[in-house]
Amino acid sequence: MGLILTRAAQWTSSNKLESTPLNEFLVTQILNYAEKFVSRHPQEAEHVFDEPLQWNTSLVKYDFKDDYIISAIGVKSLEKDSEGKPLLQFFPPSISVRTFSQLSKLLHLADDRKRHEVQVCLEENRDLMVKIVGQSLANTSEEDISTLEIDVRVKLFILLRNTDEKILNKFVGEITKQVKLLPTAVEEEVEFLRQYCTEGGKRLLKSLRYTSDYEFPNGCRAPPWRQLLGEICYVVIEPCDAEALYITCSSSGVFLNAGLDKEEDESLYERQSDYYEDIATLLKRVSPHFEENVKKQYFVEQKPRRSIHLAHVVYEIEQAQPKTPEEREWEKLQRALYGRKKREPCQRWRNLGVLNICGATEEEELLMSPAERKRLGSKNKTMMKSGLTAASSIGLTASQRRKSIVASFPEEHFSGSSSESEEEEEQTERRPDTSTELQSEYWQVQKLVKYLKAADQTATVLVLCAMMDLDLMKEVIQLAILDLGGLELLLNLLDTTDIRSKIGSLKILAKISQNVIIRQTIVNMRGLQRMVNNLDIPVKELQALASETIAHVAKFRRARRIVRVHGGISKLVKLLECFPYSATPEEDMEMNLEVARCGASALWSLSKSSKNKEAIRKAGGIPLLGFLLRSPYEDMVIPVVGTLQECASQKNYRVAIENEGMVKDLVKNLRSDNEELQMLCASAIFKCTEDKLTRDLVRSHQGLQPLVSLLSKAENKQLLAAATGAIWKCSISMENVAIFQEYKALQILIGLLTEQPEEVLVNVVGALGQFARIPANKSIICNGGGIRALINLLNGTNQALLVNVAKAVGACATERDNVVIIDQLDGVRLVWSLLKNPNAEVQASAAWAICPCIENAKDTGEMVLFLICGLKLIIQLLKSPSNEVLTSICAVIAKLAKDKEILGVLSDRGVVPLLAGLTSTTDVRLRCHLAEAIGHCCTWSSNRACFGEHKAVGPVVHYLESNDSSLLLNTTMALYQLSKDPNNIITMHKEGVVQPLIELIASGTDQIQEFAAGCIRNIRLLVLANQRAVY
């Protein structure tokens, strides 16, 4: 059952079988086989498994009847093995079964639950074949079976293997009954929908993009190991009325996934919705705007073409098909001649015309039958007569030339062709080689690979030297090595004991692994595990080359995970110790430096994963990185700082960077002439200065002036983004803002508000928001045209940018003159419109920005009533699950309620019940602004009684238990207003309001004392009125 579970079944990241029709088919087939196994193969059914199958069953002990011993703690079978152990044991809920005979009886007892039992058994015993027949037999190849002595165990293994093949064949038939999506159909639909992402009346979507720009030759953009599950590509779509949607397009349809993350959690690929026929159908379900407007467009909706897709299983099944005796003899002949199976050049070289002109190689001709040689000869003659040459084939598209071998994914399953525009674009990017050069390079590589196959130890080193003389950075050479089997040979050399061969192989791999296709193939061929193993060999050159190659290969998530799982991180951290300053011979020092540099480079690539960051820390990498950071060699410092700036996103690393004194070295390297080093240091400071201590350290080490000087290098956008980010975070401390102003940083930042990429603008606007806390700077921003530029940025879609722009506008709006300018530029309306944004952080920042705009407006009523629809948004956001949004909206309501007309509108729209529903919160900030909002809403007399009816008075009384002065002020003000209603006074008295109010009269501020006294006065007046009524 091994092939079924590993190649055909579809699994979730939690090692559960997905609920799909194909998985249901597989489980059903296995169930039928297990039930009938005893009657068909009685001898094999009694064979005891090498290890018991164990799982948590849904059965209870009373389901077992005859042939079982039922005790208080569980159930045991009467049948036992040769050692006297029961063949079935059940200790609820765990059950273990050791023969097919007992398994069949168990399924009979399960009755209508037997299908569930089979599924759980498969999920908890994925290494089924190993447990049944043992590790050694389960890994036996088909060719070696004939050499085994036939016994019951071997017969059982052959039966299970044949059953695997039969079920897989049925599985193919089942798949062919289902209609599937093709990559070409998905691409056509994506391009079609992109036409409606423009501004104007026809706009249906904000944006639509692929998560990956790299397209495999079969038309897919999903990673190869996800393509095996039928996934084609991943698309991010921003509807006009909803948050961004992360969509998986698979052969079974399209569905929502868990989104994008740089972490390596496989659950991000998991399905979060039902399957839909196509992208448009999914959008209609989740976007009312799309569904409503798509009907108004004057176009016929194009449905994607469909076809049968078997990519995730057909290749595996083809490999599992039994071979005829003739085929086996043919393979034996090949192995006798060449020591390995026959390899043919891939379709890329055939498309380029190399093979068509030159015919078959000497090796191929030797293996051809006479009839095949004759057909090949006539074919070559015909092609030469027709004038088909290599030169004429060079006009083929780059996508056709760039076809690659993906081990588990044959290209015929996705045979879509590129569009004409794509072909033109790719041809302009890559200049084709001449036919003579290409032909010479191809045959040269082929000869070297051929010699490498049969070479002895000395000859292998010579062949590797010859291969290193080639231009290994040339893509044609790299892909020739891959297609002709050279990559597998190079990786196999890493398992040898000859150090020279290992070094030669790694020198080649270190260069060709910079190719994306080769990196992925190395991982598929388990090359990373071999490189990690070579890190243990105490040969410095070997360690350096292995580390460098790992650095190149570990550019994607799966590769980084493999290195961590196989213990590579701790080994790489140890290499950082290979750089002692006390090394006396110059050669040793240089080699130590190179080993440490390569180790740091590998850690840099690996540190893009949060789990790897933690592994580096646990392996003791932080002190070693801090030591190497003080190196005088830039080549060493760059990967060290690169690793630190990646890891600085975690609190543990930021604390360690402070404690190890690395901030001083980061500031020192800001003055380097190397722009890459400057960028990395600025980026590290950007992440570390979230903490106040680090901001103070940067200032004390004179790091602020170098950051400002980096702003002059505006042509380097990466450096500019890092520098502006560091300035933004450093300016959180007011002491740093004063120093920045001495170097005219504010004026430079205002000039960067236009014609910059979004990653720069986010940081620039964030810094301006911090600078605007100083009143004088608000005028500078206004006079320098900063407000107009900020208002223009409110039309964007970048969430982080909108948050910072809203904060900056809000900071400027604390000046009355600036509010006039903001209103004239339509800024108030644009900020208010951000409340419609689905992102909670954007909503909150917009609400905070609205508060000063309302407070400093010349006519608040006119401004807000002009945006009367905005009041509806305010009411709706009181239902938000985010405390920050609720806090900011309460602050807005407190400002709005000061105007009687607006308060009347809010009251009519039901603001009181919603505010009353929030009074049970424990969030101090929310309590503070909520109490203020309640107090101002109570100036509308009917609202006081309404708050009492909705049980808001009692919870507000308990706010007096806080020590926060702002909360106490707003609470006493609210209670004073609420106490003007007699029923509310009764509730307050029951909640014990009098004693805390008396204490506040004695110790609070003037305003708190005034409101507390007023509340007590109202309570006393009600008591006196009652006494008069009685007497």
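First, a word on what this report is: a plain description of the structure on this page. On a predicted model such as this, the values are computed, not experimentally measured, just so you know. (Residues numbered from 1 in each chain as written. Predicted model: local features only at pLDDT ≥ 70, side-chain atom pairs only at ≥ 80, totals over all residues. Heavy atoms only, no water.)

Looking only at helices and strands, the protein features 63 helices and 11 strands. Counting the 1031 residues in the protein, one finds 53% classified as buried. Considering only intrachain contacts with a sequence separation of at least 6, the fraction spanning at least 24 residues in the protein is 70%. Just so you have it, the protein exposes about 46800 Å², and 50% of that area is on carbon and sulfur atoms. (Helix = DSSP H or I, 4+ residues; strand = E, 2+ residues; numbered from the N terminus. Buried < 20%, exposed > 50% of the residue type's maximum accessible area, 1.4 Å probe, protein only. Contact = heavy atoms within 4.5 Å. Areas by Shrake-Rupley, 256 points an atom, 1.4 Å probe, with all protein chains shown as cover.)

The end-to-end C-alpha separation of helix 57 (residues 924-937) is 20 Å, in line with the 20 Å expected for 14 residues at 1.5 Å each. With respect to burial, helix 57 is a largely interior element, 12 of its 14 residues being buried. Along helix 57, the residues classified as buried are L926, R927, C928, H929, L930, A931, E932, A933, I934, G935, H936 and C937. The N-capping residue of helix 57, defined by a side-chain oxygen 3.1 Å from the backbone nitrogen of R925, is D923. (Expected span 1.5 Å × (residues − 1). Polar contact = N/O pair within 3.5 Å; in protein donor to acceptor, adjacent residues only side chain to side chain.)

Membership of the largest hydrophobic core comes to 214 residues, with the highest contact counts inside it found for L509, L835, I893, L915 and F947. Contacts of L915, omitting those with residues within four sequence positions, involve L878, C890, I893, L930, A933, I934, C937 and F947. If you look at the next biggest cluster of nonpolar residues, it comprises 43 residues, including Y33, A45, L59 and I95. (Core = buried A, V, L, I, M, F, W, Y, C linked by side-chain atoms within 4.5 Å.)

In this chain, P92 is followed by P93 through a cis amide linkage whose omega measures 0 degrees. Along the polypeptide, P93 turns up in the loop between strand 4 (88-91) and strand 5 (94-97). Of note in the backbone geometry, R526 takes a positive phi value of approximately 60 degrees without being a glycine. Note on placement: R526 falls in the loop between helix 28 (516-524) and helix 29 (527-534). With phi around 55 degrees, Q702 is a residue other than glycine that occupies positive phi space. Positionally, Q702 belongs in the loop between helix 40 (692-700) and helix 41 (704-709). Residue classification places Q702 among the exposed positions, given a relative accessible area of 53%.

With that settled, consider the pairing of strand 5. Direction of pairing for strand 1 (residues 53-56) relative to strand 5: antiparallel, over a ladder of four bridges. When the bridges of strand 5 are listed, Q54 appears paired with S96. Summarising the sheet, strand 4 and strand 5 pair through four bridges and their orientation is antiparallel. Across the sheet, the residue bridging to L88 is V97, located in strand 5. Following strand 4, the chain reverses through two residues before pairing antiparallel with strand 5. (Pairing = 2+ DSSP bridges.)

Attention shifts here to the side chain of S96. By secondary structure assignment, the location of S96 is in strand 5. Judged by relative accessible area, which is 10%, S96 ranks as buried. Aside from chain neighbours lying at most four places away, what touches S96 is P52, L53, Q54, L87, L88 and Q89.

Counting through the fold element by element, G769 comes out in helix 45 (residues 758-771). C-alpha separation for the pair G769 and N804, spaced 35 residues apart in sequence, amounts to 7.2 Å. If near-sequence neighbours (up to four positions away) are discounted, G769 is found in contact with A808 and A811.

Our next topic: empty space enclosed by the protein. One pass over the structure, following the stated rule, counts eight cavities of 30 Å³ or more. In this structure, the largest cavity encloses a volume near 170 Å³. Forming the walls of the largest cavity are 17 residues, and the residues nearest its centre are I30, A34, L103, C121 and L128. Residues belonging to the lining of the largest cavity are distributed by class as follows: 16 nonpolar, no polar and one charged. (1 Å grid on protein atoms, 1.4 Å probe; cavity = no way out; pocket = protein on both sides within 12 Å on 5 of 7 lines; lining within 4 Å. Points joined across faces, edges and corners; volume = space filled by probe spheres on them. Nonpolar A, V, L, I, M, F, W, Y, C, P; charged D, E, K, R; others polar.)

Turning our attention to the sheet that holds strand 4. The sheet built from five strands is open, its strands ordered 1-5-4-3-2 with antiparallel pairing. With one partner strand each, in any of the chains shown, strand 1 and strand 2 (68-70) form the two edges of the open sheet. Mean inter-strand twist for the sheet, computed between neighbouring axes without regard to direction, equals 10 degrees. Bridge count for strand 3 (residues 75-77) against strand 4 is two bridges, and the pairing is antiparallel. Each bridged residue has a counterpart across the sheet, and for V75 the counterpart in strand 4 is F90. (Axes fitted to C-alpha atoms, helices over the stretch in contact; angles between N-to-C directions.)

By the definition in use, this model includes 10 aromatic pairs. Taken together, Y33, F37, F49 and F100 form an aromatic cluster joined through their ring pairs. Lying across the ring of W728, K729 places its NZ or CZ 4.0 Å from the centre. (Phe/Tyr/Trp six-rings, centres within 6.5 Å; stacked < 30°, edge-to-face > 60°. Lys NZ or Arg CZ within 6 Å of the ring centre and 35° of its normal.)

Time to look at a positive patch on the surface. On the surface, a cluster of positive charge is contributed by K36, R40, K166 and K170. When contributions to the positive patch are tallied by element, the ones reaching two or more residues are helix 2 (21-40) and helix 9 (152-176). In this fold, K166 is placed in helix 9. K166 gets classed as exposed once you look at its relative accessible area, which sits at 57%. (Patch = residues over 30% accessible without salt bridge, like charges linked within 9 Å, V, L, I, M, F, W, Y side chains within 5 Å. Salt bridge = Lys/Arg side-chain N within 4 Å of Asp/Glu carboxyl O. Lys, Arg positive; Asp, Glu negative; His and termini not counted. Charge placed at Lys NZ, Arg CZ, Asp CG, Glu CD.)

Overall, antiparallel pairing links the four strands, which are arranged 7-8-9-10 in an open sheet. Edge positions in the sheet fall to strand 7 (205-210) and strand 10 (253-256), since each of these pairs with one other strand and no more. On average, adjacent strands in this sheet sit at an angle of 25 degrees to one another, irrespective of strand direction. Along the sheet, helix 10 (residues 183-194) contacts strand 7, strand 8 (231-239) and strand 9 (245-250); its crossing angle with strand 7, the most-contacted strand, is approximately 150 degrees. The strands touched by helix 12 (residues 279-286) are strand 7, strand 8, strand 9 and strand 10; relative to strand 9, the strand with the most contacts, the crossing angle is about 150 degrees.

Where charged atoms from two side chains of opposite charge come close, those side chains can pair. Applying the stated criterion to the full structure yields 20 salt bridges. In this structure, K114 and E35 form a salt bridge, with 2.7 Å as the shortest nitrogen-oxygen distance. Of this pair, K114 sits in helix 5 (residues 114-124) while E35 is found in helix 2, placing the two residues 79 residues apart along the sequence. Residue class for K114 comes out partly exposed when judged on its relative accessible area of 27%. For D691, the salt bridge goes to K651, with nearest N and O atoms at 3.1 Å. One end of the pair, D691, is in the loop between helix 39 (675-688) and helix 40; the other, K651, is in helix 37 (residues 651-659), with 40 residues separating them in the sequence. Since its relative accessible area comes to 13%, D691 is described here as buried. A network of salt bridges, in which partner residues are shared, links K651, R654 and D691.

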